[in-house]
Amino acid sequence: MNRIDPKLAATLRQPRELIDAGLAPVDAVAELEQVAARYAVAVTPELVALIDPADPADPIARQFIPSADELVEQPGENADPIGDDARSPVGGIVHRYPDRVLFKLVHVCAVYCRFCFRREMVGPGKASALSDDAYRAGLDYIRSHPEIWEVILTGGDPLMLSPRRLAEIMADLAAIDHVKIIRIHSRVPIADPERINPEMIAALRVEGATTWIAIHAN
Ligand code: SF4
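Residues numbered from 1 in each chain as written. Predicted model: local features only at pLDDT ≥ 70, side-chain atom pairs only at ≥ 80, totals over all residues. Heavy atoms only, no water.

Asks: When you look at the layout of surface pockets in this model, what are you seeing that I'm missing?
Replies: Gaps between atoms show up when a probe of the same size as a water molecule is rolled over them. Counted as a void, the largest pocket has a volume near 620 Å³. Lining the largest pocket are 31 residues, and of these Phe117, Arg118, Thr154, Gly155 and His216 sit closest to its centre. Classifying every residue of the lining of the largest pocket by side-chain character gives 17 nonpolar, six polar and eight charged. Considered as a void within the structure, the second largest pocket measures approximately 360 Å³ in volume. What lines the second largest pocket is a set of 21 residues, and nearest its centre among them are Leu23, Pro56, Ala61, Ile65 and Pro66. Looking at side-chain class alone, the lining of the second largest pocket contains 12 nonpolar, two polar and seven charged residues. (1 Å grid on protein atoms, 1.4 Å probe; cavity = no way out; pocket = protein on both sides within 12 Å on 5 of 7 lines; lining within 4 Å. Points joined across faces, edges and corners; volume = space filled by probe spheres on them. Nonpolar A, V, L, I, M, F, W, Y, C, P; charged D, E, K, R; others polar.)

Asks: Looking at this structure, I do not really get the sheet that holds strand E1 (residues 93-97). What am I missing?
Replies: Strand-to-strand pairing in sheets goes through backbone hydrogen bonds, with the strands running parallel or antiparallel. Spatially, the five strands line up as an open sheet ordered E1-E2-E3-E4-E5, and their pairing is mixed. Two strands in the sheet have a free side with no partner beyond their single neighbour: E1 and strand E5 (210-215). On average, adjacent strands in this sheet sit at an angle of 25° to one another, irrespective of strand direction. In this structure, E1 lies alongside strand E2 (residues 100-103), joined through three bridges in antiparallel fashion. Counterpart to valine 94 in the pairing with E2 is leucine 102. (Pairing = 2+ DSSP bridges. Helix = DSSP H or I, 4+ residues; strand = E, 2+ residues; numbered from the N terminus. Axes fitted to C-alpha atoms, helices over the stretch in contact; angles between N-to-C directions.)

Asks: For this particular structure, what's the right way to read a nonpolar patch on the surface?
Replies: A cluster of nonpolar side chains, namely Ile190, Ile213 and Ile215, defines an oily patch on the protein surface of about 240 Å² accessible area. Looking at the secondary structure, you find isoleucine 190 in helix H8 (residues 188-191). (Patch = residues over 30% accessible without salt bridge, like charges linked within 9 Å, V, L, I, M, F, W, Y side chains within 5 Å. Areas by Shrake-Rupley, 256 points an atom, 1.4 Å probe, with all protein chains shown as cover. Salt bridge = Lys/Arg side-chain N within 4 Å of Asp/Glu carboxyl O.)

Asks: How should helix H3 (residues 29-38) be read in this particular structure?
Replies: Within the span of H3, buried status applies to Val29, Leu32, Val35 and Ala36. An end-on view of H3 places all buried positions within 120° of arc, on one side of the element. Check the buried side of H3 and you find it contacts helix H2 (15-20). (Buried < 20%, exposed > 50% of the residue type's maximum accessible area, 1.4 Å probe, protein only. Arc of directions from axis to C-beta. Contact = heavy atoms within 4.5 Å.)

Asks: Before we go on, may I ask you to explain the side chain of glutamine 63 in this structure?
Replies: Mapped onto the elements, glutamine 63 comes out in helix H5 (residues 59-64). We classify glutamine 63 as buried; its relative accessible area is 10%. Among the polar contacts listed, one links the side chain of glutamine 63 to the backbone oxygen of proline 59, at a separation of 3.2 Å. Excluding residues within four positions of it along the chain, glutamine 63 makes contact with Tyr112, Cys113, Arg114, Phe115 and Asn218. (Polar contact = N/O pair within 3.5 Å; in protein donor to acceptor, adjacent residues only side chain to side chain.)

Spelled out as structure tokens, the structure:
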């Protein structure tokens, strides 16, 4: 079956589409194409509907509409500003605090925030998800560290996973005795609320661990 997801088709990803929607100036196209080649762009219809195109300082637009300013690099800027790499014992895992880890499963998002501090890890040229081998290595790391009681699934956006895959991951994590909390950070409930359907809700409920959802909304 070759069906185009209407939500994917309606999401604005190209500078030309932003300009046609009145969300960026026509004369910015060349610079915005340079930005889009480096950092992913996606603005879902739900977010477009919240933007007032007549307001040059619209606070929703400022979060999601790319700007030529993103091409400016200041001395001292760092591609990994929060130091994930230095605290990553295996791919996809960040172990910063003794009792919890980040598990970064996917490298795609429903919407791409211009302020993202993991923007070098998502978008153009990046794999869309951890490989199976890296996923299993991450699980093994969590299994072998009994001090880890909380696993945080985070950016990219874990709710971009299919409910089927998410259910498998939740079950894998909940099967580890010392993992008691699975926390998911997501903008999907705001950016693409239709993804939060009964199948997704069912995938998030799991025996053996408590699920927390941290909804990111600015
Ligand atoms: S949804 Fe999160 S990971 Fe994705 S671009 Fe926004 S802040 Fe970054």
